[in-house]
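So you can see what is in the structure, the chains are spelled out below.
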Amino acid sequence: MNATCGYTLEREIVGVLLEENPQISTNQIQEAGGGVVALILSVESARRMRIYRLAKELKFHSRSSTAQVVAVSMPTKGGTEWEVVPLSYLQGLADEAVSTKDQKRLEAALRPRV
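For clarity, every value in this text was computed on a predicted model and none was experimentally measured.

With that out of the way, let us pick up the sheet that holds strand β2 (residues 37-43). One open sheet accounts for four strands, arranged β1-β2-β3-β4; its pairing is mixed. Strands with a single pairing partner mark the edges of an open sheet, and in this sheet they are β1 (7-13) and β4 (79-86). For this sheet, the mean inter-axis angle between neighbouring strands, taken without regard to orientation, is 25 degrees. Across seven bridges, the pairing between β1 and β2 is antiparallel.

Turning next to the nonpolar core. Generally speaking, a soluble globular protein has its nonpolar side chains buried in company with each other. Core analysis: the largest hydrophobic core is formed by 19 residues, its most contacted members being L41, L58, V70, V72 and L90. Counting residues per element, the ones that place at least two in this core are β1, β2, α3 (51-64), β3 (69-76) and α4 (87-110). In this view, L41 contacts Y7, T8, L9, L54, V70, A71, V72, S73 and L90; residues no more than four positions away in its chain are not counted. Among the nonpolar cores identified, the runner-up in size contains eleven residues, and I24, A38, A71 and V84 belong to it.

One can describe the packing of α3 onto α4 by two numbers: an axis separation of 9 Å at closest approach and a directional angle of 145 degrees. The two elements α3 and α4 meet at a crossing, and its hand is left-handed. Residues I51, Y52, A55, L58, K59, H61 and S62 of α3 form the contact with α4, whose participating residues are L87, L90, Q91, A94, D95, A97, V98, K101, D102 and R105. Looking at the contact of α3 with α4, its residues break down into nine nonpolar, three polar and five charged.

This brings us to the pattern of salt bridges. In this structure the tally under the stated criterion is two salt bridges. A salt bridge links E44 to R48, with the nearest nitrogen and oxygen atoms 3.9 Å apart. Judged by relative accessible area, R48 falls into the partly exposed class, the value being 41%.

Cut-off values and rules
Residues numbered from 1 in each chain as written. Predicted model: local features only at pLDDT ≥ 70, side-chain atom pairs only at ≥ 80, totals over all residues. Heavy atoms only, no water. Pairing = 2+ DSSP bridges. Helix = DSSP H or I, 4+ residues; strand = E, 2+ residues; numbered from the N terminus. Axes fitted to C-alpha atoms, helices over the stretch in contact; angles between N-to-C directions. Core = buried A, V, L, I, M, F, W, Y, C linked by side-chain atoms within 4.5 Å. Buried < 20%, exposed > 50% of the residue type's maximum accessible area, 1.4 Å probe, protein only. Contact = heavy atoms within 4.5 Å. Left-handed = near helix turned anticlockwise from the far one by under 90°. Nonpolar A, V, L, I, M, F, W, Y, C, P; charged D, E, K, R; others polar. Salt bridge = Lys/Arg side-chain N within 4 Å of Asp/Glu carboxyl O.

Given below as structure tokens:
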């Protein structure tokens, strides 16, 4: 089994995305920022996600990609759930998670050892 860091991130043309995933509507894409190209973040395991890598990839796509929206899929007991969000919003969440994780590591390292 290939290591996927708990997720996969790929680009897709919005028309193809909508055609292959009827759970996503054109209105959701437009509300999140629209565009011709979207990123698809498929979360396989939230516990295994490498947040540093995700933040780095999102930062790269925000600078060099035409994608403005991210369609996020997560497996649930009832099937796959989709959420469409702006790329900038998801990048902010990932950056905040990295910052919080770094802060907790720093606090743990500075805690006095008894």
